[in-house]
Each structure stands twice: as structure tokens, then as C-alpha cells.
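Each chain, written out:
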Amino acid sequence: MIFIKVVVIGGAAMGMGVVAKLKRLDPKVEIVVIQKNDYVSLGACGIPYYIGNKFEDSNMLLARKVSDFEKIGVQVLTNSEVKKIDFDNKKVLVQSLHQASEQSYDKLVIASGGTPIIPEVISQDYLNCFTVNSKEDGEKIQKLRSQVKDIVIIGAGLIGLEVAENLVGNNKVTIIEKGPRPLSNLFDQEFSDLVEDELSKNKVKLIKNNEIKEIICKDKTITEVILLDGTKIKCDLLICSIGVRPNTDFLLDTKLKLTPRGAIVINKNCATNLKDVYAGGDCVQTFGRVYKNEIYSPLATVAWKHAIVVAQNLAGIKSSFAGGLNTAIVKVFELELARTGENLNFLLENKINFKEVFIKDKDHTSYVPGQSDIWVKLVKDENKKTLISSQMAGHNKSILRIHSVISLIWNQTVLNEEIDQIDLPYAPPFSRTKDIINIALSKITQT
Ligand SMILES: Cc1cc2nc3c(=O)[nH]c(=O)nc-3n(C[C@H](O)[C@H](O)[C@H](O)COP(=O)(O)OP(=O)(O)OC[C@H]3O[C@@H](n4cnc5c(N)ncnc54)[C@H](O)[C@@H]3O)c2cc1C
């Protein structure tokens, strides 16, 4: 190794992923992590389930402790925020609780993640308004949930829906969605319709094509929200889940190249435009595997892969990110949904010649209890004769069939006349002799 000191900004999936891998590859390397929170390795994905009392100890959200890293010789500066970077002189300026300091680096890793987007109508701090991004957010919401009745969630995306499911219990939950349907960035209309049915079955009210125009509060506590169309909704707890943006404000007006939306531009080795500076996770723009298009994909599954790539490159092992498919999976009450590949907007905007099939079947044999509906969509590139994307909905984990479709998309397998014979497994509790994936592949090949 020709360098001596690595500074990592941000101590979550990406940052600590780099640290863990790099320390395994080169135990002697000096690493300093600068982390805003007083903990590291937050598994934010668990927050909705902590709020929903699925487990009691919020520390279970932390995959590893600061002391775990200290034991392997990593210096972790908690409650410390990087305010500025002097790229010319290879120094970061750190503001800790009571003091400012500088850290010099030989190699720098930026893993500052994403920050929740706050709707403009929320112009001040309220005592009962939260995002769902940190351990503290989760703890505050979990504490309040039993003291409130009327809960309003802004945004019917993945997180808004998970939170709705976990809060509904004895509470009245209303979701306000600006767009025409839930999960519109990830799923097509047919799947949004299934989500709407599931919400209504579970007494969650979804208001679409609407926004909060005004917030009524008393002593910094929200009591009511008023929508664009004048509808008034009682509100004891307001949750904002309208998405995240790259957390890169401290990098504005520097030489580091950002996209207009503030994501750090990286190449396939996760290197930025500046020498010795790497980045990955929710603060970067990455790329799609099939069309090599630029995508912002704030997912834990992307962050850990970027972390491995960065660690290996830092250790002198040439390594590249292979591209992403924006694969996501979500449970909305009993309904489970999975998706992978480019969405409809991308296909239309880029004039991709595509064809699709959408079919509904049963997930396993009728005589084994628990048989349920399953819906599958496959989309193919008509020119290349390969699959582009897939969406599925079902119950009892039947949607994990998406794994097999992902493999076909990942390798851009050509849909020839043999593809519908792909040797998928069958036994009565799991599937039918001719599985929905075989049927869908047969149809899409002939379409
Ligand atoms: C509620 C929720 C549910 C999710 N569910 C899923 C899921 O089911 N599946 C999935 O794949 N993904 C999910 N995600 C997304 C996943 O959590 C993120 O993609 C992942 O955490 C990104 O990791 P990261 O390290 O890039 O960024 P982050 O997790 O955002 O971490 C960045 C860290 O850097 C720190 N930091 C920021 N700026 C500075 C600074 N200037 N100085 C010092 N420290 C700084 C932050 O405090 C933070 O600790 C979910 C996210 C949330 C919020």
C-alpha cells in the first residue's frame, strides 16, 4: 500500500462498509471515520418496523457498534460533521460538539448518504412532525404513537407505505400523495391499483392528486392540515416521506463534480473527478446495468456494493461497479411487491421499442392451504429480444420468483424458443407444475 491515511465521511452502510472491507484487506491501513451521529452502522431499513413495535430495542437498528471498529484500530469521531473540504491541501474541516479541527488525508471516501426532502409547507420545526431517516426519528415516532390518534403521512412511496402499515393499529392514518397513484416511480398502474385496494382493506385512507397547503399549529404542535382542495384533516402526528436527495450541501462550490440535483459524479470504479477522492451510496449518481444510463438509486443494496468497490480500489485491487437494476421489494400489509429494471417513463423517454405481458395466476396448488393470487409483468426490448424489467405482486413470499427474472435481465439472456422451458422447481406447497414465470416467459417470447 502506497498511502497511509484514509478519511471516511459518514458512518453508515457505505462508509462503514468501506472500513470493514478495507481493514480485512489491509489491517495496517490508518482509517479515521467522521460521523455526524453518536452511533455508526444504522440499518435505516428497520426504522418502520421499530416504529411498529416489531422489536423493542432501537439499538438493534445498529449493525455494529463504534467499539467494534475501535477494536480493529479504526478511529471513529462521532458527533462530528465535515463542514468543508480543502481538496487542494487534502484536508477536511470537522465540527465536533465543542470544537473545530482538521483531518488530513491521503485518500478520501465521501459516504454522506441522503437527506430527506422536506415539503415547502413545512417551514419550521414542529414538535410532532418527523422524517423517517435516523434512529432518533424512529425513537420519537415510536414514543408518540400510543399518545396520538390522527396520523398524516406525506408521500405514498416505499417508506410512507411501510410506515402506514406499522402505525395504523388503533390510529387513524391518512396518506397524502401528490401524484395520481402510490409507488408511481417504481410500479405501473396495475400494481398501484393492488396497493390501493390493500390500503383500503386495512383502513388506511389514501388521498391522491393533493398536497398540504397549510399547517395549523398551537405552541409548535400541529393540530390540523389543510389540503389544496380545502379538505381539513385532524393531525396529531405528521410524517414526511417524500424521498431523499444527496446529502452534499457541504460540497457545493467546490471542485468536486456534482449533478444538477447534487449527486456526486463517479466513474465505474467509484472514483470522483478529483484524484484520491472516492464516493458511493446515497450521495452519488450511479448507472443502470442494461442501458448504462445515469440513475440515482438510494438503496442499501447499492451502497454495500459501492463500498466493496471503493475498498478494493483503495487496497490496490482494480474493481468496478457492475451497474444496478433499481431492484426493490416492499410489503404493504399482506400484499408483497417486487420490481427490477428500468421503469415505463425511461422506456418512453428513450423511445425503447418494448413489449410487455401482464398475467395473473395462483402461486401454488389449490389443495395445499394458503393458495393465493400472484401477478407478474415482464417487459422485453423488442430489438434486443432481452428482458428489460419485471414487476410482481403476491403473498407469502411468492414474489421472490423475481430472483430468477433478475438473473435473465442481469445477463441479458436472449429470449429464444427454449426460454419458457427454463427448469424452475415444483412441489405442491410452492408452485404449480407450470409456474407463472414459465407461462410469462412463453407469452413474452411469442409477443
Ligand atoms: C426508513 C428507510 C427504509 C429503507 N428501507 C430500505 C430497504 O428496505 N431496502 C434497501 O435497499 N434500502 C432501504 N433504505 C435505503 C438505505 O437505508 C440507504 O440506501 C442506505 O442507508 C444508504 O447508505 P449510505 O451510507 O450511503 O447513506 P446514509 O445511510 O444516509 O448514511 C450517511 C451517514 O453519513 C452521515 N453524514 C452525512 N453528512 C455528514 C457530514 N458532513 N459529516 C459527517 N457525517 C455525515 C449521516 O449522519 C449518516 O450517518 C431505507 C431507508 C430508509 C430511511
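Only a predicted model underlies this, so the values are computations on that prediction, with no experimental measurement involved. (Residues numbered from 1 in each chain as written. Predicted model: local features only at pLDDT ≥ 70, side-chain atom pairs only at ≥ 80, totals over all residues. Heavy atoms only, no water.)

Caption draft 1: Up close: the domain arrangement of the protein chain. Here the protein chain is described as being made up of domain 1 (5–45 + 58–114 + 245–314), domain 2 (118–242) and domain 3 (335–446). Between the C-alpha centres of domain 1 and domain 3 there is a distance of 36 Å. If you look at the interface, domain 1 gives five residues, while domain 3 gives nine residues. Summed over both partners, the interface of domain 1 with domain 3 buries about 660 Å², with 58% contributed by carbon and sulfur atoms. When the area that domain 1 buries against domain 3 is broken down by residue, the three leading residues are R289, V290 and Y291, summing to 83%. For the pair domain 1 and domain 3, the number of links is zero salt bridges. There are three residue pairs in polar contact (both at pLDDT 80 or more) connecting domain 1 and domain 3. Grouping the amino acids of the side of domain 1 that touches domain 3 by side-chain chemistry returns two nonpolar, two polar and one charged. (Domains from an automatic or database assignment. Contact = heavy atoms within 4.5 Å. Buried area = accessible area lost by both parts, 1.4 Å probe. Salt bridge = Lys/Arg side-chain N within 4 Å of Asp/Glu carboxyl O. Polar contact = N/O pair within 3.5 Å; in protein donor to acceptor, adjacent residues only side chain to side chain. Nonpolar A, V, L, I, M, F, W, Y, C, P; charged D, E, K, R; others polar.)

Caption draft 2: Geometry of the sheet that holds strand β26 (residues 386–394). The five strands lie next to each other as β22-β23-β26-β25-β24, forming an open sheet whose pairing is antiparallel. Every interior strand has two partners, whereas the edge strands, β22 (328–332) and β24 (354–362), have only one. Geometrically, the sheet is characterised by an average inter-axis angle of 15° between neighbouring strands, direction not taken into account. Against the sheet, helix α10 (residues 436–446) makes contact with β24, β25 (373–381) and β26, and its axis sits at roughly 150° relative to β24, the strand it touches most. (Pairing = 2+ DSSP bridges. Helix = DSSP H or I, 4+ residues; strand = E, 2+ residues; numbered from the N terminus. Axes fitted to C-alpha atoms, helices over the stretch in contact; angles between N-to-C directions.)

Caption draft 3: Inspection of the pattern of salt bridges at higher detail. Summed over all chains, the structure comprises 22 salt bridges. We note a salt bridge from K107 to D276, for which the minimum N-O separation is 2.8 Å. Here the residue K107 occupies a position in strand β7 (residues 107–110), and D276 occupies one in the loop between β18 (264–265) and β19 (277–279), the gap between them amounting to 169 residues. Of the two residues, K107 and D276, both sit in the buried class. Residue K234 pairs with D150 through a salt bridge whose shortest N-O separation is 3.9 Å. Within this pair, whereas K234 is found in strand β15 (residues 232–234), its partner D150 is found in strand β10 (residues 150–154), the two being separated by 84 residues in sequence. Salt bridges linked by common partners bring K90, K107, K275 and D276 together as one network. (Buried < 20%, exposed > 50% of the residue type's maximum accessible area, 1.4 Å probe, protein only.)

Caption draft 4: Focus on the sheet that holds strand β2 (residues 30–34). Strand order in the open sheet formed by five strands is β3-β2-β1-β7-β19, and the pairing between neighbours is parallel. For this open sheet the edge positions go to β3 (75–77) and β19, each flanked by a neighbour on one side alone. Averaged over all neighbouring strand pairs, the angle between strand axes comes to 20°, with direction disregarded. Note that strand β1 (residues 5–9) and β7 share four bridges and pair parallel. Bridge assignment links V6 to a residue of β7, and that residue is K107. Contacting β1, β2, β7 and β19, helix α1 (residues 13–25) crosses the sheet at an angle of about 170° to β2.

Caption draft 5: Representation of the side chain of K135 in the model. Structurally, K135 can be placed in helix α4 (residues 135–144). Here N59 takes part through its side chain, which lies 3.3 Å from a polar atom of the side chain of K135.

Caption draft 6: Focus on the site of the ligand. Taken together, 32 residues sit near the ligand, with M14, N37, V82, D282 and L299 positioned nearest. Contact distances for the ligand include 2.9 Å between an oxygen atom and a backbone N or O atom of M14. One nitrogen or oxygen atom from the main chain of L299 is found 3.2 Å from an oxygen atom belonging to the ligand. Within the residue set of the shell around the ligand, elements represented by two or more residues are α1, β4 (81–86) and α7 (300–314). Considering each element in turn, the shell around the ligand owes the most residues, three residues, to α7. Residue composition of the shell around the ligand, grouped by class: 17 nonpolar, 12 polar and three charged. No fewer than three residues from each of domain 1 (5–45 + 58–114 + 245–314) and domain 2 (118–242) sit in the shell around the ligand. (Near = heavy atom within 4 Å.)

Caption draft 7: Geometry of the packing of aromatic side chains. Summed over the entire model, instances satisfying the criterion amount to five aromatic pairs. Pairing Y291 with F346 gives two aromatic rings, centres 5.5 Å apart and planes at 40°, and the pair type is tilted. On the criterion of sequence distance, the pair formed by Y291 in the loop between β20 (284–287) and β21 (294–295) and F346 in helix α8 (residues 344–349) is long-range, its members being 55 residues apart. According to the relative accessible area criterion, F346 is buried, its value standing at 13%. Each member of the aromatic cluster is reached from another via a ring pair, and the members are F187, F191 and F358. A cation sits over an aromatic face here: R64 above F69, 4.5 Å from the ring centre. Sitting above the plane of the W410 ring, R289 keeps its charged end 3.7 Å from the centroid. (Phe/Tyr/Trp six-rings, centres within 6.5 Å; stacked < 30°, edge-to-face > 60°. Lys NZ or Arg CZ within 6 Å of the ring centre and 35° of its normal.)

Caption draft 8: A look at the nonpolar core. In this structure, I31, I85, F87, V92, L108, I110 and I264 are the most contacted members of the largest nonpolar core, which totals 54 residues. Excluding anything up to four places from it in sequence, I85 contacts I9, K91, V92, Y105, L108, I110, F250 and L251. Listed in part, the 41 residues of the second largest apolar core include V148, L161, L194 and I239. (Core = buried A, V, L, I, M, F, W, Y, C linked by side-chain atoms within 4.5 Å.)

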